[in-house]
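Single-letter residue listing:
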Amino acid sequence: MSVIRQQDFIDSIEDALQYISYYHPLDFVQALEKAYNKEQSKAAKDAIAQILINSRMSAEGRRPLCQDTGIVTCFVKIGMDVKWDKTDLTVQQMVDEGTRRAYLNPNNPLRASIVADPAGSRKNTKDNTPSVVHIDMVPGAEVEVMIAAKGGGSENKTKMVMLNPSDDVAEWVEKTLPLMGAGWCPPGMLGIGIGGTAEKAAVLAKESLMDPVDIHELMERGAETAEEKLRLEIYERANKLGIGAQGLGGLTTVVDVKIKTAPTHAASKPVVMIPNCAATRHVHFTLDGSGPANLEAPKVEDWPELTFEVGADTRRVNLDTLTKEDTLDWKMGETVLLTGKILTGRDAAHKRLQDMINSGQGLPEGVDFDNKFIYYVGPVDAVGNEAVGPAGPTTATRMDKFTDMMLEKTGIIGMIGKAERGPATVESIKQNKSIYLMAVGGAAYLVSKAIKKARVVAFEDLGMEAIYEFEVEDMPVTVAVDSDGNNAHTAGPAIWKAKIEELDEKLR
Ligand SMILES: O=C(O)C[C@H](O)C(=O)O
């Protein structure tokens, strides 16, 4: 029997969430470094470089890797021989208390992303609670915790299917992965749950993502079980799709595939696939009654030292004098350095803008989109002398439904975000002679260094979803859809899928 102090548990949760906000797991860094060294697609290699540079900067600066500091997801395995020193708080309440403290930490505040009343008012709870807690009673006298901060962009791409018993899981993954686009910020991991019931498969998929990256070890020793064989097959088929980093086309889409299974009904084969993004964050600790968890800081020397430099001939633009005509010769794939003012806005702000425009109220006071770019972002609050905290792009695809309105009614020149736009939006960008630029998702701390000033101009009550004005200096972006409708997110993967087939042919 061991006695676990509630305070030790809460302190450990708080420490763990702070820790994973700025330390990528080292196994993931090493997997990304391998992918970087192997990558032949320039766009994908540059994106991985930015993710790795960002990762090192976050570890050094102890600031979040990504502006989306996630929804807390916690697996707690409680030994049957454990006794708590007090019983006033439930395990859910203890995890929530640790979460609250971690997210409101004044030295490294994390972004509060959780909204209550999801089908109604969607009001931010302001402290990132409640967390999602899975509790298991297990043999023993310890409490084992696996905790993650899961980004919304990758969670949104979860897929579930009830296959027929004889259906092939690898085939389903190969068919489904391209439909998930790039909003999950590849390269990352795929967690796959097979069996049980529908909800059991989802929990298995999520739990599988808590394991370290070890696919290369598996390749070396060879598969021994059906699950291991399937992991290798899916890893190979997924990477042959050519989706690549940020969906720009390239050799590495996934750095590992994890599978967990459970016995299921003879009539069923439930399968859930959950991707983990480039900002994969999780840690594992055990409490035995001797005090809180002691999470050792990794050595920053273990991160690769990379540089990302744009070419001397890169287009530099002054946003404060830019017009739509100036952007007409910007070409898909080109890097552009932005200096000047941009306005931000994401899901909740777009919805409110739409309501205001439709009701005849027009734009809120102080908001003038004329000849401006809108940046889809929800930043972390600033500390010290930062203008703003980590502020990487959010998934632009979610804003597709508002794009006609923004292009036709507000005077914006174009948009900045991450991931692909749908076919109708690409067509609308072409018709309106607009442009869509992308920044690298998962390089949020690096991106924030280009933001020199920030102020809220409207919708302050929306928290991180308010409309901000940012003043940026040499903010690097890539033209993802140009004014002729050329689209990097369809062209890149198609080119790299064909190149990978060619490379395979040569190796045969
Ligand atoms: O909420 C965000 O900032 C980003 C989100 O995780 C996304 O990837 O779209």
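If you check an unreviewed UniProt entry, the protein appears there as Fumarate hydratase class I from Pseudoalteromonas xiamenensis.

**Student:** Run through the UniProt feature "domain: Fe-S hydro-lyase tartrate dehydratase beta-type catalytic" (unreviewed entry) in the protein, naming residues and quoting values.
**Tutor:** Annotation from UniProt places "domain: Fe-S hydro-lyase tartrate dehydratase beta-type catalytic" (unreviewed entry) at residues 289-490. Summarising residues 289-490: 19% helix, 24% strand, and an end-to-end C-alpha distance of 54 Å.

**Student:** Could you give an account of the UniProt feature "domain: Fe-S hydro-lyase tartrate dehydratase alpha-type catalytic" (unreviewed entry) in the protein, naming the residues involved and the relevant values?
**Tutor:** Look at the UniProt record and you will see "domain: Fe-S hydro-lyase tartrate dehydratase alpha-type catalytic" (unreviewed entry) annotated at residues 11-285. When the span residues 11-285 is considered, its composition is 37% helix and 24% strand, and the gap between its end C-alpha atoms is 12 Å.

**Student:** I'd love a proper account of the sheet that holds strand S11 (residues 269-276), names of residues and values included.
**Tutor:** Reading across the sheet, the four strands line up as S8-S11-S9-S10 and stay open at both edges, with mixed pairing between neighbours. One side of each edge strand has no neighbouring strand; the edge strands of this open sheet are strand S8 (159-163) and strand S10 (254-262). Neighbour to neighbour, the strand axes of the sheet diverge by 15° on average, direction disregarded. Pairing analysis gives five bridges linking S8 to S11, with the strands arranged antiparallel. Note on S11: the bridge partner recorded for Met160 is Val272. Strands in contact with helix H9 (residues 226-239) are strand S9 (188-195) and S10; relative to S10, the strand with the most contacts, it is inclined by about 145°.

**Student:** Describe the nonpolar core, naming the residues involved and giving the relevant values.
**Tutor:** If you look at the biggest cluster of nonpolar residues, it comprises 136 residues, and the most contacted ones within it are Leu32, Ile48 and Ile147. The dominant element in this core, judged by the number of residues it contributes, is helix H3 (residues 42-61), at ten residues. Excluding anything up to four places from it in sequence, Leu32 contacts Ile48, Ile51, Leu52, Pro187 and Val255.

**Student:** Can you explain the pairing of strand S7 (residues 143-150)? Please cite residues and give values.
**Tutor:** With seven of its eight residues buried, S7 lies for the most part within the structure. The pairing of S7 with strand S12 (residues 282-287) spans six bridges and is classified as antiparallel. Each residue of the ladder has a partner; that of Met146, found in S12, is His284.

**Student:** Tell me about the environment of Asp381, residues and numbers included.
**Tutor:** Note that Asp381 resides in the loop between strand S15 (373-375) and helix H11 (400-409). Accessibility expressed as a C-beta count within 10 Å gives 15 for Asp381, which makes it partly exposed. Taking the C-alpha atoms as reference points, Asp381 and Pro106, 275 residues apart in sequence, are found 9.9 Å from one another. Beyond its immediate stretch of four places on either side in the chain, Asp381 contacts Pro109 and Gly389.

**Student:** Help me get a handle on helix H7 (residues 198-208), residues and values and all.
**Tutor:** Buried within H7 we find Ala201, Ala202, Leu204, Ala205, Lys206, Glu207 and Ser208. In this structure, the buried residues of H7 make contact with strand S2 (71-79), S8, S9, S10 and S11.

**Student:** Before we move on, could you go through the packing of helix H6 (residues 169-176) against H9 and cite the residues and values that matter?
**Tutor:** At their nearest, the axes of H6 and H9 sit 10 Å apart, and the two run at 25° to each other. On the basis of their axis angle, the class for H6 and H9 is roughly parallel. Here H6 runs over H9; the crossing is right-handed. Residues Val169, Ala170, Val173 and Glu174 of H6 pack against Leu230, Glu233, Ile234, Arg237 and Ala238 of H9. Taken together, the residues of the contact of H6 with H9 sort by class into six nonpolar, no polar and three charged.

**Student:** Which residues make up the pairing of S9, and what values go with them?
**Tutor:** Judged by how many residues are buried, S9 sits mostly within the fold: seven of eight residues are covered. Two strands pair when backbone bridges link them, and S9 and S10 are joined in this way by eight bridges, in the parallel orientation. Bridge assignment links Gly195 to a residue of S10, and that residue is Ala262. Note that S9 and S11 share six bridges and pair antiparallel.

Definitions and cut-offs
- Within every chain, residues take consecutive numbers counted from 1 along the sequence as written.
- Local features in a predicted model are, by the rule used here, given only for residues with pLDDT of at least 70; side-chain atom pairs are given and counted only at 80 or more, and totals for whole chains, interfaces and linings are based on all residues.
- UniProt positions are given in the numbering used here, feature names are shortened, and annotations may be inferred rather than shown by experiment.
- Put simply, DSSP H or I for four residues or longer makes a helix, DSSP E for two residues or longer makes a strand, and each gets a number counted from the N terminus.
- By this definition, two strands are paired if DSSP reports at least two bridges between them.
- The angle between two axes is taken between their N-to-C directions and runs from 0 to 180 degrees, where each axis is a line fitted to C-alpha atoms and a helix contributes only its stretch in contact.
- What counts as a contact here is a pair of residues whose C-beta atoms, placed from the backbone, lie within 7 Å.
- For the purposes of this analysis, a nonpolar core is taken to be any set of buried Ala, Val, Leu, Ile, Met, Phe, Trp, Tyr and Cys residues that are connected through C-beta atoms within 7 Å.
- Labels follow a simple rule on C-beta atoms placed from the backbone: if 20 or more others lie within 10 Å of a residue's own, it is buried; if 12 or fewer, it is exposed; otherwise it is partly exposed.
- Each angle receives one of four descriptions, namely roughly parallel if under 35 degrees, roughly antiparallel if over 145, roughly perpendicular if within 65 to 115, and oblique otherwise.
- Two helices crossing with the near one rotated counterclockwise from the far one by less than a right angle form a left-handed crossing, whereas a clockwise rotation gives a right-handed crossing.
- Note that Gly is not counted as nonpolar here; it falls among the polar residues with everything else outside the nonpolar set of Ala, Val, Leu, Ile, Met, Phe, Trp, Tyr, Cys and Pro and the charged set of Asp, Glu, Lys and Arg.

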